[in-house]
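Listed here are the chains, written in short residue letters.
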Amino acid sequence: MTVWQIWLLIAAVFIVIEICTSGFAVACFSVGCICSAILAACDVSLTWQIVAFAIGTFLAFIFIRPFVMKIIDKKTNDSNVKTNMDNIIGKTAVVTERIEEGGYGRVKLDGDDWKAATENGVAAEVGDKVQIVSYESIILTVKKL
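Let us look at the structure shown here. In this text the structure is predicted, and so the values were computed from the model without any measurement.

Quick word on the sheet that holds strand 1 (residues 92-97)
Part 1 of the argument: Read around the closed barrel, the five strands follow the order 1-2-3-5-4; overall the barrel is mixed. Sheet twist, expressed as the average angle between the axes of neighbouring strands with direction ignored, equals 55°.
Part 2 of the argument: Of the strand pairs in this sheet, strand 2 (residues 105-109) and strand 3 (residues 112-118) are connected by five bridges, and their pairing is antiparallel. By the bridge assignment, Lys108 is partnered in strand 3 with Asp113.

Remarks on a nonpolar patch on the surface
Part 1 of the argument: Together, Trp48, Val51, Ile55, Phe58, Leu59, Ile62, Phe63 and Ile64 make up a nonpolar patch on the protein surface, roughly 800 Å² of accessible area in all.
Part 2 of the argument: Position of Val51 relative to the elements: it lies in helix 3 (residues 46-76).
Part 3 of the argument: Judged by relative accessible area, Val51 falls into the partly exposed class, the value being 33%.

What about the nonpolar core?
Side chains of nonpolar character tend, in soluble globular proteins, to be buried together.
Part 1 of the argument: Of all hydrophobic cores here, the largest spans 13 residues; its most connected members are Ile99, Val107, Ile132, Leu140 and Val142.
Part 2 of the argument: Ignoring anything within four residues of it in the chain, the contact list for Ile99 reads Tyr104, Gly105, Arg106, Val107, Ala116, Ala117, Thr118, Ala123, Ala124 and Val142.

Considerations on the packing of aromatic side chains
Part 1 of the argument: Tallied over the full model, the rule gives four aromatic pairs.
Part 2 of the argument: Measuring from ring centre to ring centre gives 5.7 Å for Phe14 and Phe29, while their planes differ by 35°; the resulting arrangement is tilted. Of this pair, Phe14 sits in helix 1 (residues 3-20) while Phe29 sits in helix 2 (residues 26-41); the two residues are 15 residues apart in sequence, bridging distant segments of the chain.
Part 3 of the argument: Classification of Phe29 by relative accessible area gives partly exposed; the value is 32%.
Part 4 of the argument: Connected via pairs of aromatic rings, a cluster forms that spans Trp7, Phe14, Phe29, Phe53 and Phe61.
Part 5 of the argument: Sitting over the face of the ring of Tyr104, Lys115 holds its NZ or CZ atom 4.5 Å from the ring centroid.

Digging into the pairing of strand 1
Part 1 of the argument: Summarising the sheet, strand 1 and strand 4 (residues 129-136) pair through three bridges and their orientation is antiparallel. What sits directly across from Val94, in strand 4, is Lys129.
Part 2 of the argument: Pairing analysis gives three bridges linking strand 1 to strand 2, with the strands arranged antiparallel. Bridging across to strand 2, Glu97 finds its partner in Arg106.

What counts, and where the lines are drawn
- Residues numbered from 1 in each chain as written.
- Predicted model: local features only at pLDDT ≥ 70, side-chain atom pairs only at ≥ 80, totals over all residues.
- Heavy atoms only, no water.
- Pairing = 2+ DSSP bridges.
- Helix = DSSP H or I, 4+ residues; strand = E, 2+ residues; numbered from the N terminus.
- Axes fitted to C-alpha atoms, helices over the stretch in contact; angles between N-to-C directions.
- Patch = residues over 30% accessible without salt bridge, like charges linked within 9 Å, V, L, I, M, F, W, Y side chains within 5 Å.
- Areas by Shrake-Rupley, 256 points an atom, 1.4 Å probe, with all protein chains shown as cover.
- Salt bridge = Lys/Arg side-chain N within 4 Å of Asp/Glu carboxyl O.
- Buried < 20%, exposed > 50% of the residue type's maximum accessible area, 1.4 Å probe, protein only.
- Core = buried A, V, L, I, M, F, W, Y, C linked by side-chain atoms within 4.5 Å.
- Contact = heavy atoms within 4.5 Å.
- Phe/Tyr/Trp six-rings, centres within 6.5 Å; stacked < 30°, edge-to-face > 60°.
- Lys NZ or Arg CZ within 6 Å of the ring centre and 35° of its normal.

Have a look at this one:
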């Protein structure tokens, strides 16, 4: 087995390790191995092969990894993903504790009690029906129907 084949074998091992991990860090080392394999195939000394490995790895970390991480982040952080909380928007609730002007009160929605504020700061009385407009953390924003 020649030296360039050994570099490619090491690169393949790094790729397999990268498949088992995340973050595209180990794959950067395989880029360095491929750079060294090219120099080894051209009969360059081992010292320069190691330098090529270091430079190739460094450049992969600087230029390739950020690009790949952006692609991975776009796929994993899809902002269109709905949560269970998004399902309550548009539903009708009943005021159980008066919602003060510009303040808070309580509403009942599907058997659950929630802290709520009105959309435009208007008071809502006990028994009024309100529609859920939005939420922030565990506080609902409602509007009178």
